[in-house]
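What follows is each chain in one-letter form.
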Amino acid sequence: MSSVKSQTIKGLHQQLVSKKRSAVEITQETLERITTLEPKVKAFLTVTAENALAKAQQVDQKIAAGEEIGILEGIPIGIKDNMCTQGIKTTCGSQILANFVPPYESTVTQKLQAAGAVAVGKTNLDEFAMGSSTENSSYQLTANPWELTRVPGGSSGGSAAAVAASECVVSLGSDTGGSIRQPASFCGVVGLKPTYGLVSRFGLVAFASSLDQIGPFARNVEDAAIFLSAIAGYDERDSTSLKVEIPDYTQYLQPELKKGLKVGVIKETFGDGLDSVVAERVQSAIAKLEELGAEVKEISCPRFRYGVPAYYIIAPSEASANLARYDAVKYGIREDAENLVEMYTKTRATGFGDEVKRRIMIGTYTLSAGYYDAYYLKAQKVRTLIKQDFEQAFADVDVLVSPTCPSTAFKAGEKTDDPLAMYISDLMTIPVNLAGLPGMSIPCGFDEAGLPIGLQLIGNVLREDILFHVAHAYEQATEWHKQSPSL
Amino acid sequence: MIDREQVRKVAHLARLDITAEEEEQFTTQLNSILDYFEQLSELDTDNVQPTTRAIETSNITRPDRLEPFPNKKDLIQSAPEPDGEYFRVPKIMASDES
């Protein structure tokens, strides 16, 4: 067993402080593991070995000089390739950005650099974060580390797989309709989509601006709490950024569950289409929470199921506007053409993949004259109804639970021909984005084939504290997070 | 229902050059997706206000200070065809256009 495997942030920090291992050693071991595993897992689009080692050296110099180091200093991290990294290619999994080297740094990665984290590379994703299996990447297929013929989920499949395979300790993902939680569930790791606006989106390549949010992947709840504490916070460069104090989220991790904590089980998520083994494991997880002292009750969110159709109007509509910027003028690839319009249409035809084109088409149609009221406006009204369901639920309970996904990881190629089947796999996660709430997926068991199953915890606005609290208590009482794929 | 003619029109609006094959594929797929959207009509939304963003933050302002981008050269050099401080593009109008 490699020494970087199953390492926690605190464990590594301790080793650094006590000079048992240097940051360069940790980085080298991580890079070696990446070299060994990447032919199988293919989680990274770019590995930034040189930068990582230089960063690690800086950390070691600080330690040698007797300076105190921060908790993330020297910790190997992965970054989803839709966050701008200055001087490092940022492709969004798309051919249209095949040559794009950002001239500026996103706020999240800037914060992590300042915190001393060692970025080892940029991770694979569905093109422009549109997809649920990472199969829409125009560069490579990422494998699920638990079973290489299965997908890692998506769109942040690379970030989830990299953490599951211990190719880095924690990673950044983005979640528009489930793109952190669903791959976390498929890869057996912790994934959190924070409250909309908690983490700055500056430098995150926009997909659906009213829904996009950046969040962490980790192998345990504590690492996720440490990581979120480092990336959250107000940023004047993101107009939707929330002006709130950011606590140290690790303070909510306590050995015992708060007395009187009320857990609501969303009834509608246990209906048709849910794999029986997923239902069973999630029910056992709920029973475990009850055993730990939680008061469990059933909650109805009657409009929950309208989340998917509403989302697939709202997200493509916003995407069609956001992706209009790929015009071959200021960055990205360009196809030669006789005139300007032909340059646009040819470049976009070559540069975008099928799913991106499909969503641009849907969005352009639903926003076009005569259809706006019937689609986009209608969907936004449904969004209000879904929000109301959640508001009502949170008047009764502190946290909501559901399965993260209706199934475990599916086989590569299984759903690529049927866009709707792929869309429906985000059934449980989408309503959370529509309402802007924080949602977390934590491992809660395995199916007969040994594939991980995720439990989704949903909190009220800015109640990440409760998610961490409940997730940690559950994690401490179970052994799921201690298992790792044999690669 | 959306037909091939409309698909072609939408592709033009979206500045996407699509092949005849894609046109046919998108017509089928968009129809099944639009059909799926139909279930939203089950919900009465007559007196419901739309939600435009998840968490309401409106009228966010900041001082309008001019801050020159420090890395202007790289910014311009990222373009497919930079020309000094400009971006070069092909002809916008054909000379023989009436």
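Reading the values: rules and limits
- Residues numbered from 1 in each chain as written.
- Chains lettered and ligands numbered in written order.
- Predicted model: local features only at pLDDT ≥ 70, side-chain atom pairs only at ≥ 80, totals over all residues.
- Heavy atoms only, no water.
- Phe/Tyr/Trp six-rings, centres within 6.5 Å; stacked < 30°, edge-to-face > 60°.
- Buried < 20%, exposed > 50% of the residue type's maximum accessible area, 1.4 Å probe, protein only.
- Helix = DSSP H or I, 4+ residues; strand = E, 2+ residues; numbered from the N terminus.
- Lys NZ or Arg CZ within 6 Å of the ring centre and 35° of its normal.
- Contact = heavy atoms within 4.5 Å.
- Buried area = accessible area lost by both parts, 1.4 Å probe.
- Salt bridge = Lys/Arg side-chain N within 4 Å of Asp/Glu carboxyl O.
- Polar contact = N/O pair within 3.5 Å; in protein donor to acceptor, adjacent residues only side chain to side chain.
- Nonpolar A, V, L, I, M, F, W, Y, C, P; charged D, E, K, R; others polar.
- Core = buried A, V, L, I, M, F, W, Y, C linked by side-chain atoms within 4.5 Å.
- Disulfide = S-S within 2.5 Å.
- UniProt positions renumbered as here; feature names shortened; annotations may be inferred.
- 1 Å grid on protein atoms, 1.4 Å probe; cavity = no way out; pocket = protein on both sides within 12 Å on 5 of 7 lines; lining within 4 Å.
- Axes fitted to C-alpha atoms, helices over the stretch in contact; angles between N-to-C directions.
- Parallel < 35°, antiparallel > 145°, perpendicular 65-115°, else oblique.
- Patch = residues over 30% accessible without salt bridge, like charges linked within 9 Å, V, L, I, M, F, W, Y side chains within 5 Å.
- Areas by Shrake-Rupley, 256 points an atom, 1.4 Å probe, with all protein chains shown as cover.
- Points joined across faces, edges and corners; volume = space filled by probe spheres on them.
- Pairing = 2+ DSSP bridges.

Engineer: Can you lay out the packing of aromatic side chains for me, pointing to particular residues and giving the numbers?
Structural biologist: All names here are of chain A. This model, assessed by the stated rule, comprises 19 aromatic pairs over all chains. Measuring from centroid to centroid gives 4.8 Å for Tyr311 and Tyr312, while their planes differ by 80°, and the two rings are edge-to-face. Grouping residues by exposure puts Tyr311 and Tyr312 together as buried. Their ring planes at 90° and their centres at 6.2 Å tell us that Tyr326 and Phe352 sit as a pair that is edge-to-face. Of the two residues, Tyr326 is situated in the loop between helix H9 (307-322) and helix H10 (340-351) and Phe352 in the loop between H10 and helix H11 (354-367); the sequence distance between them amounts to 26 residues. Put simply, the rings of Phe100, Phe128, Tyr326, Tyr331 and Phe352 pair up and form one aromatic cluster. One Lys or Arg, Lys415, reaches over the ring of Phe410 and ends 4.6 Å from the middle of that ring.

Engineer: Describe the interface of chain A and chain B, and please don't skip the residues or the numbers.
Structural biologist: Taken residue by residue, the interface counts 68 residues in chain A and 55 residues in chain B. Both faces combined, the contact of chain A with chain B buries some 5,300 Å², and carbon together with sulfur accounts for 67% of it. Run the count over chain A and chain B and you get four salt bridges. Between Arg305(A) and Glu42(B) there is a salt bridge, with its nearest N and O atoms 3.2 Å apart. Viewed at the interface, chain B and chain A are joined by 20 residue pairs in polar contact (both at pLDDT 80 or more). Breaking the side of chain A that touches chain B down by element, the ones donating at least two residues are H9, H10, H11, helix H12 (373-396), helix H13 (419-424) and helix H14 (430-434) of chain A. If one sorts the elements of the side of chain A that touches chain B by residue count, H12(A) sits on top with 11 residues. Classifying every residue of the side of chain A that touches chain B by side-chain character gives 38 nonpolar, 15 polar and 15 charged.

Engineer: Tell me about the environment of Ala310(A), residues and numbers included.
Structural biologist: Structurally, Ala310(A) can be placed in helix H9. Taking C-alpha positions, Ala310(A) is 27 Å from Lys297(A), a pair spaced 13 residues apart along the chain.

Engineer: Can you explain the nonpolar core? Please cite residues and give values.
Structural biologist: Formed by 91 residues in total, the largest nonpolar core has its most connected members in Leu172(A), Leu228(A), Ile442(A), Leu457(A) and Phe468(A). Met130(A), Phe304(A), Tyr311(A) and Tyr365(A) belong to the second largest nonpolar core, which has 69 residues in total.

Engineer: Which residues make up the state of the cysteines, and what are the values?
Structural biologist: Here, the word disulfide means a covalent bond between the sulfur atoms of two cysteines. Residue and element names in this part refer to chain A. Taken as a whole and judged by the stated rule, the model has zero disulfides over all chains. Free of any disulfide, Cys168 has its nearest neighbouring cysteine sulfur in Cys187, separated by 12 Å. Of the residues examined, Cys168 reaches a relative accessible area of 2% and is grouped as buried. Cys187 carries a free sulfur, and the closest cysteine sulfur to it, the one in Cys405, is 10 Å from it. Classification of Cys187 as buried rests on a relative accessible area of 0%.

Engineer: Tell me about the UniProt feature "active site" (unreviewed entry) in chain A, and please be specific about residues and values.
Structural biologist: Residues and elements named next belong to chain A. Per the UniProt entry, the sites bearing "active site" (unreviewed entry) are Lys80, Ser155 and Ser179 in this numbering. Across 100 residues, the annotated set stays spatially compact, with a maximum C-alpha separation of 11.0 Å. Lining the largest cavity, from this annotated set, are Ser179. Note on placement: Lys80 falls in strand S2 (residues 76-80). On the basis of relative accessible area, Lys80 is assigned to the buried category, the value being 0%. Ser155 gets classed as buried once you look at its relative accessible area, which sits at 0%. Setting aside its immediate chain neighbours within four residues, Ser155 contacts Lys80, Asn124, Leu125, Asp126, Ala129, Met130, Gly131, Thr134, Ser174 and Ser179. At 2.8 Å, the side chain of Ser155 and the side chain of Lys80 are in polar contact.

Engineer: Describe the packing of helix H7 (residues 221-231) of chain A against helix H15 (residues 464-476) of chain A, with residues and values.
Structural biologist: Residue and element names in this part refer to chain A. At a closest axis distance of 9 Å, the pairing of H7 and H15 adopts a crossing angle of 160°. Classified by the angle their axes make, H7 and H15 are roughly antiparallel. Seen from H7, the contacting residues are Val221, Ala224, Ala225 and Leu228; seen from H15, they are Glu464, Phe468, Ala471, His472 and Glu475. Residues that form the contact of H7 with H15 fall into these classes: six nonpolar, one polar and two charged.

Engineer: Could you give an account of a nonpolar patch on the surface, naming the residues involved and the relevant values?
Structural biologist: Residues and elements named next belong to chain B. A contiguous nonpolar surface patch, about 310 Å² in accessible area, is contributed by Val89, Ile92 and Met93. Within the fold, Ile92 resides in the segment after strand S2 (86-87). Taking the relative accessible area as the measure of exposure, Ile92 reaches 60% and is therefore exposed.

Engineer: Outline the layout of surface pockets, supporting the account with residue identities and numerical values.
Structural biologist: Where empty space is left can be seen by rolling a probe of water-molecule size over the atoms. Here the largest pocket defines a volume of roughly 1,100 Å³. Tyr104(A), Phe202(A), Gly203(A), Arg237(A) and Phe69(B) are, among the 35 residues lining the largest pocket, the residues nearest its centre. Considered class by class, the residues forming the lining of the largest pocket number 17 nonpolar, seven polar and 11 charged.

Engineer: Describe in detail the sheet that holds strand S3 (residues 118-123) of chain A, supporting the description with residues and values.
Structural biologist: Strand pairing in a sheet relies on backbone hydrogen bonds. The paired strands run either parallel or antiparallel. Residue and element names in this part refer to chain A. Taken in spatial order, the 11 strands make up an open sheet running S1-S3-S2-S4-S6-S5-S10-S11-S9-S7-S8, and their pairing is mixed. Each edge of the open sheet is held by one strand with a lone partner, namely strand S1 (44-47) and strand S8 (295-299). Between one strand axis and the next, the sheet turns by 30° as a mean value, whatever way the strands run. Where strand S10 (residues 439-446) meets strand S11 (residues 452-459), seven bridges bridge the pair, whose relative direction is antiparallel. Each bridged residue has a counterpart across the sheet, and for Gly439 the counterpart in S11 is Ile458. Across the face of the sheet, helix H3 (residues 49-64) comes into contact with S1 and S3 while running at roughly 160° to S3.

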